[in-house]
Amino acid sequence: MSHHFPRNYRPRLDQNQTEKAIKFIKDTFERELSGELRLSRVTSPLFVPKGSGINDDLNGVERPVSFGIGKMNDMQMEIVQSLAKWKRMALAEHAYLPGTGLYTDMNAIRPDDDIDAIHSIYVDQWDWEAVMEPGSRNLAFLKQTVTKIFQSFKRTEFLIREQFPVCAKVLPEEITFIHAEEAQALYPGLTPPEREKALAQKYGCIFIIGIGCALPDGIPHGGRAPDYDDWSSPTGGECYGLNGDIIVWDAVREDSLELSSMGIRVDQETLRRQLVIRGCPERENLYWHKRLLAGEFPQTVGGGIGQSRLCMFFLNKAHIGEVQSSVWPQEVHDEARNHGVFLL
């Protein structure tokens, strides 16, 4: 029985057209995003020193790929899982001005990730980070930033459909903001992924605010590391959290699809509080954390936007393997062939 692809799925673009479209999307969206958020492209590392606290620990349980460098006394390095913390350090070292920032092509390996239609052990995303103006540490600024990213999506979609008219329109006219606590109140009987699916189907594109902090039922909407996004600080009223995810409705798979995870980053107070909440206050002694607590890093907002997921979404693809080269079980290859699909 088919379960990796929708039953009657056939790709709209052949392989050559797909490769051209991938390049077009990446070039177009990079230009739109960097213009909208005033970001300069920088070169980023594929690996960082083990034990420095620079690597992203994601939910704290995933194992990074590590290796020793023979010519340097077997110095231990780790392949990045994301550049959440590295970017902030780079902004400090290159003295970026408030209201400007950087973006980079991030390639990562996450060997413990799921392998399915939207997950791969190879992660490719635009990682971006910007220095905030004083007084911007609030929900209004977060929403303004999210809206700019959404406008970059909209303009990219318009240009893709001009170039490749066979691609169906996939975005609504606007993005809808909803707090994780509101989502839980609306759908108390559903799990967080089920809530995302219901809301994405209703609105087309949503931004769920406050991911990482326990909700009134004691369960967080999703996992977030304690040392990059601010998910615990009060921002007025009952709602808290200065972070979130951009999630769209994927009509091909008839399911929700997360395109971006982002947020306002921790300050000294929030970092200490979240390390305690997560039960790892000793991380304060790591190199990166000590620098943040010493006030060496600017206050920033940032996130990651999945390159393959964006391509998959705009090109109406059913499987991420149609737009990126990774590893898939044989059964997925077999089923793909039955649908006339070529997995890279």
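All figures in this text were calculated on a predicted structure; none of them were measured in a lab.

Caption draft 1: Spotlight on the overall build of the chain. Counting secondary structure elements, the chain contains nine helices and 11 strands. Computed over the C-alpha atoms, the radius of gyration of the chain is 20 Å, within 12% of the 20 Å expected from 2.2 N^0.38 for a compact globule of 344 residues. With the principal axes as the frame, the chain shows a C-alpha extent of 55 × 55 × 40 Å. Residue burial in the chain is summarised as follows: out of 344 residues, 53% are buried. Put simply, 72% of the contacts in the chain that link residues at least 6 apart link residues at least 24 apart. Of the accessible surface of the chain, which amounts to about 15,200 Å², a share of 52% is contributed by carbon and sulfur atoms. Taking the 38 positively charged and 48 negatively charged side chains of the chain as two groups, their mean positions are separated by 3 Å.

Caption draft 2: Up close: helix α6 (residues 268-277). Within the span of α6, buried status applies to Thr270, Leu271, Gln274 and Leu275. All buried residues of α6 fall inside an arc of 130 degrees around its axis, so they share one side. Opposite the buried face of α6, by more than 90 degrees, sit the exposed residues Glu269 and Val276. Looking at the buried positions of α6, the neighbouring elements they touch are α7 (287-293).

Caption draft 3: Seen up close, helix α5 (residues 192-203). Counted at 1.5 Å a residue, the expected span for α5 with its 12 residues is 16 Å, and the 16 Å between its end C-alpha atoms agrees. Burial in α5 covers these residues: Pro192, Arg195, Glu196, Leu199 and Ala200. End-on, the buried residues of α5 take up no more than an arc of 125 degrees, which puts them together on one face. Exposed and facing more than 90 degrees away from the buried side of α5 are Pro193 and Lys202.

Caption draft 4: Layout of the sheet that holds strand β7 (residues 176-179). What the eight strands build is an open sheet, ordered β1-β5-β6-β11-β10-β9-β8-β7; its pairing is mixed. Edge positions in the sheet fall to β1 (39-41) and β7, since each has one partner strand and no second. Going from strand to strand, the sheet's axes swing by 30 degrees on average, the running direction of each strand aside. Pairing between β1 and strand β5 (residues 101-109): three bridges, direction parallel. Along β5, the bridge assignment pairs Leu39 with Gly101. This element, helix α2 (residues 84-93), spans β5, β6 (122-131) and β11 (300-306) of the sheet and lies at about 35 degrees to β6.

Caption draft 5: Fine view of the nonpolar core. Counting residues in each nonpolar core, the largest one holds 54 residues, and the members touching the most others are Trp128, Ile149, Phe153, Ile246 and Phe314. Leaving out residues up to four positions away in the same chain, Phe314 has contacts with Ile25, Phe153, Thr156, Glu157, Ile160, Cys167, Val170 and Leu171.

Caption draft 6: Examining the environment of Ile209 more closely. Assignment of secondary structure puts Ile209 in strand β8 (residues 205-209). Taking the C-alpha atoms as reference points, Ile209 and Leu46, 163 residues apart in sequence, are found 30 Å from one another. Setting aside residues up to four positions removed in sequence, Ile209 forms contacts with Leu139, Lys143, Phe177, Ile178, His179, Ala180, Tyr240, Gly241, Asn243 and Gly244.

Caption draft 7: Just the side chain of Lys317, in detail. The residue Lys317 is located in the loop between α8 (307-314) and α9 (330-338) in this model. For Lys317, the residues in contact, after removing those within four places along its chain, are Tyr9, Pro11, Leu13, Thr18, Asp250, Val252, Met312, Glu322 and Val323.

Caption draft 8: Broad picture of the sheet that holds strand β2 (residues 47-49). On the basis of which strands lie adjacent, the open sheet formed by three strands has the order β2-β4-β3 and antiparallel pairing. At either end of the open sheet lies a strand with only one pairing partner, and these are β2 and β3 (66-69). If you compare each strand with its neighbour and ignore which way they point, the axes differ by 40 degrees on average.

Caption draft 9: View of the pairing of β11. Burial analysis of β11 places seven of its seven residues in the buried class, the great majority of the element. In β11, alternate side chains face the same way, and those of Thr300, Gly302, Gly304 and Gly306 on one face and Val301, Gly303 and Ile305 on the other are all buried. In terms of strand pairing, β6 meets β11 through seven bridges, oriented antiparallel. Looking at the pairing, Val131 lines up with Thr300 of β11. Of the pairings in the sheet, the one linking strand β10 (residues 255-264) to β11 comprises five bridges and is antiparallel in character. In the strand pairing of β11, Ser261 is matched with Gly304.

Caption draft 10: A look at the pattern of salt bridges. On inspection of all chains with the given rule, the structure shows 26 salt bridges. Measuring nitrogen to oxygen at the nearest pair gives 3.3 Å for the salt bridge that ties Glu173 to Lys154. Of this pair, Glu173 sits in the loop between α3 (139-163) and β7 while Lys154 sits in helix α3; the two residues are 19 residues apart in sequence, bridging distant segments of the chain. In this structure, Asp229 engages Arg224 in a salt bridge whose closest nitrogen and oxygen atoms are separated by 2.7 Å. We classify Arg224 as buried; its relative accessible area is 6%. Taken together, the shared-partner salt bridges connect Lys87, Asp127, Glu129, Arg224, Asp229, Asp245 and Arg265 into one network.

Procedures and definitions
Residues numbered from 1 in each chain as written. Predicted model: local features only at pLDDT ≥ 70, side-chain atom pairs only at ≥ 80, totals over all residues. Heavy atoms only, no water. Helix = DSSP H or I, 4+ residues; strand = E, 2+ residues; numbered from the N terminus. Rg over C-alpha atoms; globule rule 2.2 N^0.38 Å. Buried < 20%, exposed > 50% of the residue type's maximum accessible area, 1.4 Å probe, protein only. Contact = heavy atoms within 4.5 Å. Areas by Shrake-Rupley, 256 points an atom, 1.4 Å probe, with all protein chains shown as cover. Lys, Arg positive; Asp, Glu negative; His and termini not counted. Charge placed at Lys NZ, Arg CZ, Asp CG, Glu CD. Arc of directions from axis to C-beta. Expected span 1.5 Å × (residues − 1). Pairing = 2+ DSSP bridges. Axes fitted to C-alpha atoms, helices over the stretch in contact; angles between N-to-C directions. Core = buried A, V, L, I, M, F, W, Y, C linked by side-chain atoms within 4.5 Å. Salt bridge = Lys/Arg side-chain N within 4 Å of Asp/Glu carboxyl O.

Don't take any of this as a statement about function, it's just geometry.
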